Every structure is written in C-alpha cells, then in structure tokens.
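# Notes for the structure review
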Amino acid sequence: MASAPPSSEAANSSSRRTFTIGTRKSKLALMQTDLVVAALKKSWPEYTFQIHSQETAGDKNTVIALREFTTKNLWTQELEELLMAGDVDLIVHSLKDVPTQLPPSCTLGPMMEREDTRDVLVMKKGLPNMAFSEMPAGSVVGTSSIRRTAQLARRYPHLKVQDVRGNIGTRLAKLDAEDSPFTCIILAAAGLLRLGLEDRISQYLDSKNGGMLYAVGQGALGVEIRKDDKLLRDMLSSIGHHETTMACLAERSLLRTLEGGCSAPLGVETEWVQDSDGSSKLRMRAIVVSVDGRESAEVEVDGSVDTSESAGEFGVTVAKALVEKGAGEILAEIQRKKLTP
C-alpha cells in the first residue's frame with residue numbers, strides 16, 4: 001500500500017539523505033536513470049540514490065498502435081502515482097514521453113544537457129544503405145509514430161509504413177528477422193547513442209536531410225519531482241543545462257497550446273542562433289502534417305528565451321503562427337476521425 005504523501009516540511013528536510021528514483025524497466029530507461037544518478041552523485045556526494053524500476057502501461061501493451069491509444073500518459077501514470085504517494089522522490093523519463101499536462105502536485109526540474117535530437121534511419125541488415133528517395137516503391141518503413149508517418153507520407157508517398165512497437169532491441173530484432181517485411185525503421189538517435197548502437201545508424205534525419213523534424217523533447221531527459229520539493233529542485237538545478245531546459249520548455253509549450261498531446265503529428269527543430277546584436281535567440285522550426293501527408297502547416301520563428309516564462313510565451317507564439325498557417329484545421333480533422341467509430 002502506498003504511504004501517505006509527505007508534508008512540505010518532510011520533503012524539504014535537510015535530514016534527508018536517501019532518495020528513491022522511479023523509472024521504467026527497459027535497458028534504455030535504466031541507462032538514462034544511471035546518467036542522472038551519476039550527475040547527482042558528482043554534485044551531491046553526501047546523498048544516496050536508490051532505483052525503483054517497473055513496467056508501465058505502454059511497456060505492457062506493445063501490440064496496439066500508439067495512435068490508437070486515447071490516453072497520453074502510457075509511460076508515466078504508474079510512476080507518478082508513486083511520486084505523489086511519496087514512495088519515490090523523483091522520476092526519470094524520456095522527455096518526449098511525458099504529457100504536457102502533469103498532475104497538479106508534480107513538476108519537471110531543470111534538465112541535463114540534451115543528447116542528439118534527431119531521428120535516424122536504420123536499414124535492415126544485409127540491405128544497401130539508401131535514402132528514402134532511393135528506396136523502391138512499396139518499401140516498408142517501420143514506425144509507430146504518427147508524426148513520422150505523416151512526414152513520410154508528405155515527402156515520400158511511394159513508401160509504405162507499418163507499425164513496429166517494443167523497446168529498441170525488440171524493434172531491431174523485428175527489422176533484421178529473415179521474414180521481416182521492413183526495409184528500414186526510424187528511431188531516435190539518442191536511444192541508439194546511449195546504448196552504444198551508433199553503428200546501426202544509416203542516416204541522420206533533420207529538416208535538411210530526409211525532411212524529418214523530431215518529437216517535442218526528443219533527446220532530453222525529464223526529471224519529475226513533487227512541486228513542493230525545494231531540496232530536489234535545488235539539486236537538479238546544479239546539474240541542469242540552461243539552453244536544453246529553455247528549448248524543451250518552449251517545445252512543450254508549443255505542443256500544449258496546440259492541444260495535440262503526444263499523438264499529434266507535430267515535428268519541431270530548435271537551435272540557438274546569434275542575433276545581429278550578439279544576443280542568443282532560440283530558432284524553432286515546426287510542422288503539423290495531416291496523417292495522409294496531403295496538408296501541412298510549417299513555420300520558422302526566432303525568439304528571445306531566457307526564463308521559464310519567456311520559453312512558455314515563445315511556444316505559444318509559434319503555436320499561433322502554425323494555426324494561422326492552417327494547423328488548427330489539420331489537428332481538428334485528426335481528432336474528428338479519432339472520435340468517429
């Protein structure tokens with residue numbers, strides 16, 4: 001049975017010396033948690049960190065396509081319940097899996113420096129390396145992401161898309177199986193790099209190469225804590241990376257404003273650029289594509305982002321620009337189709 005939620009005084013007590021970190025059970029999730037633990041131990045050697053891992057709803061059901069789920073907290077709900085009950089003190093997530101609306105008593109702490117944000121193309125073993133444009137008509141691309149499916153349909157209508165679920169090892173095994181229908185699959189670069197599987201990367205994809213914008217928060221780790229836990233917030237601040245945190249908050253604000261949630265076919269690409277006056281600005285490219293690839297809305301906006309508030313405002317600005325280009329109608333049509341039996 002879950003223990004009662006700790007009081008604010010207990011959560012911020014200077015007598016706390018041991019912290020329990022919640023995470024999913026996959027190899028990648030545990031490795032990502034180890035990255036956070038190592039950084040915390042380096043900055044806070046006087047504390048002890050222990051790990052609690054468990055499967056979540058998204059781990060248990062690897063058959064249904066992600067776009068068919070109506071909930072957005074497939075990978076977070078069970079762990080958040082433990083956090084709110086006081087059974088764990090923080091949770092390490094892949095940020096792209098974290099819904100933009102958190103439980104009222106929870107928040108994300110400052111984020112560590114981001115890994116490579118891009119998607120990558122992974123060819124089936126034994127096949128020659130090819131770009132999407134070079135693949136024969138009817139070649140099957142494996143992905144369970146509506147964002148990737150929509151962007152593929154927009155630029156490469158000669159390709160077929162088939163769902164592939166499971167952790168990275170499972171997906172690679174499905175790709176390489178002798179009777180596999182797949183020519184290639186698309187994965188996030190960050191997961192392969194963190195697992196030491198960079199040799200499987202056939203091509204990095206971005207707006208200039210392959211025309212694929214990535215998922216909101218991709219490559220970043222989200223560390224969720226109780227909102228009243230000042231001690232942990234301060235500890236995370238010491239390992240946080242300002243530019244990563246600001247960019248990710250802006251991306252999440254964009255997604256939240258569009259109300260698309262994790263299943264929206266929204267792709268983003270952010271980078272820091274020098275303005276003419278020498279100041280640093282965040283440049284965000286964003287695209288919303290209909291699932292069949294026939295309609296799209298795309299923008300590129302620069303903004304001054306240096307606080308959580310300005311990051312949130314910038315995300316809203318980009319969302320409004322996308323809506324002006326027709327993103328609202330595209331998302332509304334997707335929602336209508338979801339609600340139609």
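Residues numbered from 1 in each chain as written. Predicted model: local features only at pLDDT ≥ 70, side-chain atom pairs only at ≥ 80, totals over all residues. Heavy atoms only, no water.

Per an unreviewed UniProt entry, the chain goes by the name Porphobilinogen deaminase and belongs to Neosartorya fischeri. Quoted verbatim from the Catalytic activity (unreviewed entry) heading of the UniProt record, the comment on the chain is "4 porphobilinogen + H2O = hydroxymethylbilane + 4 NH4(+)". The record held by UniProt for the chain lists under Function (unreviewed entry) the comment "Tetrapolymerization of the monopyrrole PBG into the hydroxymethylbilane pre-uroporphyrinogen in several discrete steps." (UniProt positions renumbered as here; feature names shortened; annotations may be inferred.)

Taking 1.5 Å as the rise per residue, helix H10 (residues 308-324) with 17 residues should run 24 Å; its terminal C-alpha atoms sit 25 Å apart, in good agreement. Residues of H10 that are buried in the fold lie against helix H9 (242-258), strand E11 (266-274), strand E12 (280-289), strand E13 (296-303) and helix H11 (327-339). At the C-terminal side of H10, Gly326 shows a positive phi close to 110°. (Helix = DSSP H or I, 4+ residues; strand = E, 2+ residues; numbered from the N terminus. Expected span 1.5 Å × (residues − 1). Contact = heavy atoms within 4.5 Å.)

Evaluation of the coordinates by the stated rule reveals four aromatic pairs. On the basis of an interplanar angle of 25° and a centroid distance of 5.8 Å, the ring pair of Phe19 and Phe49 is categorised as stacked. With Phe19 in strand E1 (residues 18-23) and Phe49 in strand E2 (residues 48-53), the pair connects residues that are 30 residues apart, well separated along the chain. You can call Phe19 buried: its relative accessible area is 0%. Here the aromatic rings of Phe132 and Tyr156 are separated by 5.2 Å at their centres, their planes lie at 45°, and the arrangement is tilted. Of this pair, Phe132 sits in the loop between strand E5 (119-123) and strand E6 (140-142) while Tyr156 sits in the loop between helix H5 (146-155) and strand E7 (160-162), placing them 24 residues apart in sequence. (Phe/Tyr/Trp six-rings, centres within 6.5 Å; stacked < 30°, edge-to-face > 60°. Buried < 20%, exposed > 50% of the residue type's maximum accessible area, 1.4 Å probe, protein only.)

Glancing now at the confidence of the model for the chain. Put simply, the chain has an average pLDDT of 89, and 88% of its residues get 70 or more. Every residue in residues 1-11 is under pLDDT 50, and counting partners more than four places away or in other chains gives 18 contacts. Per-residue pLDDT stays below 50 along residues 58-72; that stretch engages in 31 contacts with residues further than four places along the chain or on separate chains. (pLDDT = per-residue confidence, 0-100.)

Within the open sheet, the five strands sit side by side as E2-E1-E3-E10-E4. Their pairing is mixed. Only two strands of the sheet have a single partner each, and these edge strands are E2 and strand E4 (106-108). Each neighbouring strand pair of the sheet contributes to a mean axis angle of 30°, computed without reference to strand direction. Bridge count between E4 and strand E10 (residues 221-226): three bridges; the pairing is antiparallel. Bridging from a neighbouring strand, Thr107 pairs with Ile225 of E10. (Pairing = 2+ DSSP bridges. Axes fitted to C-alpha atoms, helices over the stretch in contact; angles between N-to-C directions.)

This brings us to the sheet that holds strand E9 (residues 203-205). Across a sheet, strands are paired by hydrogen bonds formed along the backbone, either parallel or antiparallel in direction. Judged by pairing direction, the sheet is mixed, and its five strands sit side by side in the order E7-E6-E8-E5-E9 without closing on themselves. Every other strand in the sheet has two partners, leaving E7 and E9 as the edge strands with one partner each. Across the sheet, the mean angle separating the axes of adjacent strands is 30° when strand polarity is ignored. The pairing of E6 with strand E8 (residues 184-188) spans two bridges and is parallel.

Two side chains carrying opposite charge are able to pair once their charged atoms lie near each other. Using the criterion set out here, one finds 18 salt bridges in the structure. A salt bridge links Asp234 to Lys230, with the nearest nitrogen and oxygen atoms 2.8 Å apart. Separated by four residues within a single helix, Asp234 and Lys230 lie in helix H8 (residues 230-237), roughly one turn from each other. For Lys230, a relative accessible area of 53% translates into the label exposed. Linking Arg294 and Asp292 is a salt bridge whose minimum nitrogen-to-oxygen distance equals 4.0 Å. Connected via shared salt-bridge partners are Glu269, Glu271, Arg283, Arg285, Glu300 and Asp302. (Salt bridge = Lys/Arg side-chain N within 4 Å of Asp/Glu carboxyl O.)

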